[in-house]
Amino acid sequence: ASIQCDGNASGWRECKRTLYSQAGLSMMVTFSVVCKVASGVVPKNILDKHVISLRKVLAMRLNAGELLEAAGLSISACSMLYLLGNYGVEGPFRSDAERLVMLIVGSTGAFCLVVTALWKFFNIRADIKRGASGASSACSASTEESMMAQASSFWFYVGVIATTYVSAVAIAAAVTIKGLAIVSASLPIVILFYCLALFSQPQRRTPKDMWKLRLHFATFAFVVETCMMVWGLRKRGRIYAFFFHAGLSIALVVLFHYGLRLRAAVGRLPPKDLDNFLVNTLFKGGLQTLLTLLFLTFRSTKCMFERGKVNKCTKDSLCSMFISVFFLFWWLTQLVQASVKSEWRKDLNLSIQMVARMRGISMRRAVQGLLSLATGICGIFLFSMMSAPQNSDVKALVNYVGMFGVVTSLGVVLSEIYSSLKAQRRRVVLSESAESDIESESTNESEHLVKGVSWIFVSISFFFASVYTGLYVCYAVMLEDRWWQMAFLILPISFTLTVMAFFFKPKRTDALYMRFLTAHFLVFAVGSEVCNIVANARLGLIVLVAFVLVRICGWCYGAKLVMKLRESAAKLPTQELSDFLCETVLKKGTAAIGPMLFFSFESISCFIGQGSMYRTEPCFNTSYAAVCLSIYISLFTSMSIFNKAVSKNVRGQTLWELKAIATMDLEWWQRLEGGLITITAVISLFLLSALGVEAEEKITVFVAGSVGVISLGTATLISMRQSIKISQQQQAVAVIGGNDRSDDELRSEKDRGMSASEIQEGMLIASVV
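What comes next is a walk through the structure. (Residues numbered from 1 in each chain as written. Predicted model: local features only at pLDDT ≥ 70, side-chain atom pairs only at ≥ 80, totals over all residues. Heavy atoms only, no water.)

**Section: the overall build of the chain**
A count of helical and extended segments in the chain gives 30 helices and two strands. Here the chain holds 769 residues, and the buried ones make up 47% of them. When contacts within the chain are restricted to residue pairs at least 6 apart in sequence, long-range pairs at least 24 apart make up 83% of them. Accessible area of the chain: about 37500 Å², with a carbon and sulfur share of 67%. (Helix = DSSP H or I, 4+ residues; strand = E, 2+ residues; numbered from the N terminus. Buried < 20%, exposed > 50% of the residue type's maximum accessible area, 1.4 Å probe, protein only. Contact = heavy atoms within 4.5 Å. Areas by Shrake-Rupley, 256 points an atom, 1.4 Å probe, with all protein chains shown as cover.)

**Thoughts on the pattern of salt bridges**
The full count for this structure, using the stated rule, is six salt bridges. One salt bridge connects Arg508 with Asp510, and the closest N-O pair in it is separated by 2.6 Å. Relative accessible area serves as the criterion here: at 28%, Arg508 is assigned to the partly exposed category. A relative accessible area of 31% means that Asp510 is categorised as partly exposed. In this structure, Glu529 and Arg551 form a salt bridge, with 2.8 Å as the shortest nitrogen-oxygen distance. You can see Glu529 sitting in helix H21 (residues 511-539) and its partner Arg551 sitting in helix H22 (residues 542-570), a full 22 residues away along the chain. By relative accessible area, Arg551 is classed as partly exposed at 29%. (Salt bridge = Lys/Arg side-chain N within 4 Å of Asp/Glu carboxyl O.)

**Notes on unusual backbone geometry**
At Leu479, a residue that is not glycine, the phi angle is positive and equals roughly 55°. Within the element layout of this structure, Leu479 appears in the loop between helix H19 (455-478) and helix H20 (481-504).

**Description of the environment of Leu278**
Tracing the backbone shows Leu278 in helix H12 (residues 271-307). Overall, the relative accessible area of 0% leaves Leu278 in the buried class. The spacing of Leu278 and Leu58 is 220 residues in sequence and 8.2 Å in space, taken between C-alpha atoms.

**Observations regarding the packing of H20 against helix H24 (residues 620-644)**
Close contact between H20 and H24 brings their axes to 8 Å; oriented N to C, the two are set at 10°. The angle between H20 and H24 places the two elements in the roughly parallel class. Only Tyr624, Val627, Ser630, Ile631, Ser634, Leu635, Thr637, Ser638, Ile641 and Phe642 of H24 make contact with H20, whose side of the interface consists of Phe488, Leu489, Leu491, Pro492, Phe495, Thr496, Val499, Met500 and Phe503. Split by residue class, the contact of H20 with H24 holds 14 nonpolar, five polar and no charged. (Axes fitted to C-alpha atoms, helices over the stretch in contact; angles between N-to-C directions. Parallel < 35°, antiparallel > 145°, perpendicular 65-115°, else oblique. Nonpolar A, V, L, I, M, F, W, Y, C, P; charged D, E, K, R; others polar.)

**Digging into a nonpolar patch on the surface**
Among the surface-exposed residues, Leu233, Ile239, Tyr240, Phe242, Phe243, Phe244, Leu248 and Met403 lie close enough to one another that they form a single nonpolar patch of about 800 Å² accessible area. Ranked by residues supplied to the nonpolar patch, first place goes to helix H11 (residues 240-267) with five residues. Residue position: Phe244 is located in helix H11. Exposure remark for Phe244: the relative accessible area of 45% places this residue in the partly exposed category. (Patch = residues over 30% accessible without salt bridge, like charges linked within 9 Å, V, L, I, M, F, W, Y side chains within 5 Å.)

Following this line, the structure appears as structure tokens:
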């Protein structure tokens, strides 16, 4: 971020906010890591006594020391979020007061963190000196493991305080015609606290308790909606604000009605399911969602720190609000799913095996999946638009995409509520015998192993490959830069889908399907490169023509290795093959497309901010760095697929032993591969800092990104080649004398070491963080 600020700003004086934030965050993170390492020398039974469990916090059974520790950690977390909001801000301090506030906030967070650590250190040392017995720890553990039936009333009153605050701010905004941005920014967080208050005590259903809940809803929802309607009429004089907020109020009443029904269903859950709902879904999931919402809120304040006024940051506030609503609805979906008994829940969940086969999926589930996909894409796009410049066109686009995402996410929640209530009514009506028959049928269906992925995913892969090559055909014909730029943006996604397509049906070896795979490869790799050669030849770029010819050779060699790994995957045991197709190819492959979409949208947001999708001069650094990072993720995913395409015996010999890594007792190819991975990791950090640098084109970005692609591509080829070589050697040994090693004699992968792809994924995660 410091390099990014220096690239956009005129000097380091305008990057003091970023430097101060970087220093504070680095100090806190370093101190936390040191404390984590130091805690490793403490006996586990003593360390567990000083860990504040979620059940204690939810029930508010904290002593004075634990309460102070929780408060100190909360203050440190808020301080870190404030520093994150200032991280990357381009502009000097406007006054000494701003600098003083930042120093006070950072110092307070660091002080609370240090005091909390020292408090725990002295308490642990005292227990070690006293020689704390294991009996006391066992007693405390048994107390903590007791099932929870309801949370403390403290959390209900926290929700009341939060809703009272936002209602008061909304009334002030309606009276003064100011401050609506504060209401919009804090509304998702307040709704989260309201849901926490609504579901924290589900077994309390007396008439007094129900009237208390209804009064809480009325003083929150109706007051806020009425004030926003008055603000719209007085500020803009638009009569449709009345009908919009009136309809929204009716929708909120309907949601509240179904919320009470879900609350009653939660109260009827068995003790184990109720405990899981309160501790894991409601509180732990709510805490994670709250941290995400706070991060987005502080992330949107970056614009206010740069420009000094709230009304100049409407676009960032809208992006933050819409993304927060998406996360809030996702958490509500988890609450709805957890309101069903665990033995009933498996009939409602969509297993990865069903998705892979694309069978047994109802129309409602298919529509719900498409709505969830649309919501995720909208969220990724809006997060990338937070770095785009502010103008009326961008603001309108953010409004349209955000409202569409809100509608889709709301549809997902309503669909989940309908399914849960319908399933509960159906289960109550069914007899126990019929219920057991249905459960056995669903169990047999879920346990059906996958031998090949549906043709739908193969068709999607071929479609993207055709679009990618079609864009290069347009470039070869018209010689306009916009065509190769669009092809360059979808290259990582097309490459990942092509690699996945080769492993979707590994047992299909008939001539027809092999011709299809050959055509797929020719369309994606050879066809696009031939068009690239034609275009470069017409432009007189002979050097690039030679480079593309070398690339074609690399594509062909890589395809040869992939076909050999495909043959190895076809020989896997049925259970292992099913896990490989579902968990590795389909799940990991589709999960990798999300970050690629984010980097692509990051480039598009820069183009939109410059007023043209095809004016690349101010956005070269951002677009090239984004595509290179996407290619890195694509190669990481491909290597993970390649490593799992061989048997466990082969994977056991290609793993990097943790002991060997510490002593550097590695094979020559492992040293070479590790060096190339390290180069890529360092380059990825540099490219992440180049995102958003909209200054003059820097040759260092081009050179660094290209070196990273070549390094990681070479490491991938080395890993593939070694896996194939070891697999062939083991097959030869098995033919001659059999393989005496059984799976029981092999140590597990987790205990033995890690693969190169896992090391790469860890480095990538560290780079992104």
